[in-house]
Structure formats: structure tokens, C-alpha cells
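Fold and contact review
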Amino acid sequence: MPKVGMEPVRRKALVDAAISAIGDQGTLAVTMSDIARRAGVSPALAHHYFGSKDQLLTETMRSLLRDLRRDTVSALAEADDPRARVSAIIRVSFHAGQFAPETVAAWLAFYTEAQRSEAVRRLLVLYARRLHSNLSASLSLLCPKAEASRIAEATAALIDGLYIRRALGAAPLTTERSIALAEDAVDAALARLENRTEKGPVT
């Protein structure tokens, strides 16, 4: 029988081990035995806590999202105006922890898995909606809501695209360069809107 109080510790160890295994293999085609070995527990105990590998992998995705949400909430708490909140969201998206090799591999593998797994697809949709909502909420204090939503959608797409390009090594993008590109896009969108507003009502 598992020791009382050990379940949260072992569940986290298994999630961390899953990220490590995915990072090493670059795919979700990892075995429960490999994950359990990395976590220092038996495969039977891993099944006891999660039931199946798919359930463990889904929880691993949730863990990545929780980490990202925690970092976002912390960054937003330190921002003192709407534009600074947008910048905080952008910075968190390119935080060094998000580019740890095993984390990158896990995110990319989950994007692929979403093509066949409804559970993973729903979690990625949740991530996309949360990113858009956070950006839109701050931008709506700087411009009309419809425009805020449009700029948020474009910014979120740029963030995801830059992350994937950098993760795949498709472009020599540093963290600073990625942040600067996203910031420039937001500044340009707000400037265009301001120019349109000066010329007449936004339609």
C-alpha cells in the first residue's frame, strides 16, 4: 500500500518523469515502465495513481498549463498599467523555463497528440483561450473591445509561432528578440489604431 501523504509527491515525480521521458524521446510514445523507472517507483504504483499512460500524459499537460498560469499571475501582479500587463504576458511566454529542452519537446508532442486526443485538444484550446483572454483584458483598457480582441488574437498567434520557430531551431531567435518582435507588433497595432481614430471614428 502507498504510504499516507506520499501520493502528491509521487504524482509530481511521475509528471516530472513523463516530461523528462518525452524530452529524451521527442514523442509521447513513451512507456509507463520508463516513466515509472525515472520516477523511482514501480509501474504498478504508477498505474495506481493515474490508471493509464494516457491519463498520466493528460495530467502532465495540465501541469505545464498550471506552471504557465502561475508564472502569468505572478507577472501580472507586478505590472502597474494595462500596457505593462501586455508586456508581462509576452515575457512569460518566452520565459527561460518554457524553453527547457524537455518542456519544449513536451509542448510540441502535445500539439501533435491533439490531432488524435480530444482530451489534449481541449487542454490546448483552454491554453489558447486563456492567452487570448489575458491579452484582450489588458488591451481593452487601451482601445475598443473589438479592436482589443483582434490585436490579442494576432499577438497570441505571433507568440505561438515564435515559440515553435525558436523551439525547432528554425530561426536564430533569442528570448530578447522574440519578446521584441511581439512588442513591436503590439505597438504597431496600437499606433495604427490611434492614427485611424485621429482621422475619424473606428468602424
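None of the values given here were measured: they were computed from a predicted structure.

Below, the discussion takes up the overall build of the protein. The secondary structure content of the protein amounts to 9 helices and 0 strands. Each helix (α) and strand (β) of the protein, taken in turn from the N terminus, gives the series α-α-α-α-α-α-α-α-α. Across its three principal axes, the protein shows a C-alpha extent of roughly 70 × 35 × 30 Å. Every one of the 203 residues in the protein was classed for burial, and the buried ones make up 41%.

Within this numbering scheme, the UniProt entry marks residues 8-68 as carrying the feature "domain: HTH tetR-type" (unreviewed entry). Taken end to end, residues 8-68 has its terminal C-alpha atoms 20 Å apart, with 82% of it in helix and 0% in strand.

The next subject is the packing of aromatic side chains. Going through the model one piece at a time under the given rule, you end up with 2 aromatic pairs. For the ring pair Trp107 and Tyr127, a centre distance of 5.4 Å and an interplane angle of 55° mean the geometry is tilted. With Trp107 in helix 6 (residues 101-113) and Tyr127 in helix 7 (residues 118-139), this pair connects stretches of sequence that are 20 residues apart. When sorted by exposure, Trp107 lands in the same class as Tyr127, which is buried. Among the aromatic residues, those joined into a cluster by ring pairs are Trp107, Tyr111 and Tyr127.

Attention shifts here to the UniProt feature "DNA-binding region" (unreviewed entry) in the protein. The sites that carry the UniProt feature "DNA-binding region" (unreviewed entry) are, in the present numbering, residues 31-50. Helix makes up 80% of residues 31-50 and strand 0%, and the two end C-alpha atoms of the span are 13 Å apart.

On to the confidence of the model for the protein, then. Low pLDDT marks stretches whose predicted atomic positions should not be read closely. Counting all residues, the mean pLDDT for the protein is 89, and 94% of those residues have values of 70 or more. Considering each helix and strand of the protein separately, the mean pLDDT is smallest for helix 6, with a value of 85, and largest for helix 5 (residues 82-93), with 96.

Before going further, it helps to examine helix 3 (residues 43-50). When we look at burial in helix 3, the residues that qualify are Leu45, Ala46, Tyr49 and Phe50. Each buried residue of helix 3 lies within a common arc of 115° when the element is viewed along its axis, so the set occupies one face. Residues Ala44 and His48 are exposed on helix 3 and point more than 90 degrees away from its buried face. Looking at the buried side of helix 3, the elements it contacts are helix 1 (7-25), helix 2 (32-39) and helix 4 (53-78). At the exit of helix 3 stands Gly51, carrying a positive phi of roughly 85°.

Our focus in this paragraph is the nonpolar core. Counting 61 residues, the largest nonpolar core has Leu14, Trp107, Phe110 and Leu139 as its most contacted members. Examining the composition of this core, we find that 8 residues originate from one element, helix 4, more than from any other. Among residues more than four places away in sequence, those in contact with Phe110 are Ile22, Leu28, Leu57, Thr60, Met61, Leu64, Val120 and Leu124.

Remark: helix 6 packs on helix 7, axes separated minimally by 8 Å, with the N-to-C direction vectors making an angle of 120°. Like other packed secondary-structure pairs, helix 6 and helix 7 cross with a definite hand, here left-handed. Of helix 7, the residues touching helix 6 (which contributes Trp107, Phe110, Tyr111 and Glu113) are Val120, Leu124 and Tyr127.

What counts, and where the lines are drawn
- Residues numbered from 1 in each chain as written.
- Predicted model: local features only at pLDDT ≥ 70, side-chain atom pairs only at ≥ 80, totals over all residues.
- Heavy atoms only, no water.
- Helix = DSSP H or I, 4+ residues; strand = E, 2+ residues; numbered from the N terminus.
- Buried < 20%, exposed > 50% of the residue type's maximum accessible area, 1.4 Å probe, protein only.
- UniProt positions renumbered as here; feature names shortened; annotations may be inferred.
- Phe/Tyr/Trp six-rings, centres within 6.5 Å; stacked < 30°, edge-to-face > 60°.
- pLDDT = per-residue confidence, 0-100.
- Arc of directions from axis to C-beta.
- Contact = heavy atoms within 4.5 Å.
- Core = buried A, V, L, I, M, F, W, Y, C linked by side-chain atoms within 4.5 Å.
- Axes fitted to C-alpha atoms, helices over the stretch in contact; angles between N-to-C directions.
- Left-handed = near helix turned anticlockwise from the far one by under 90°.

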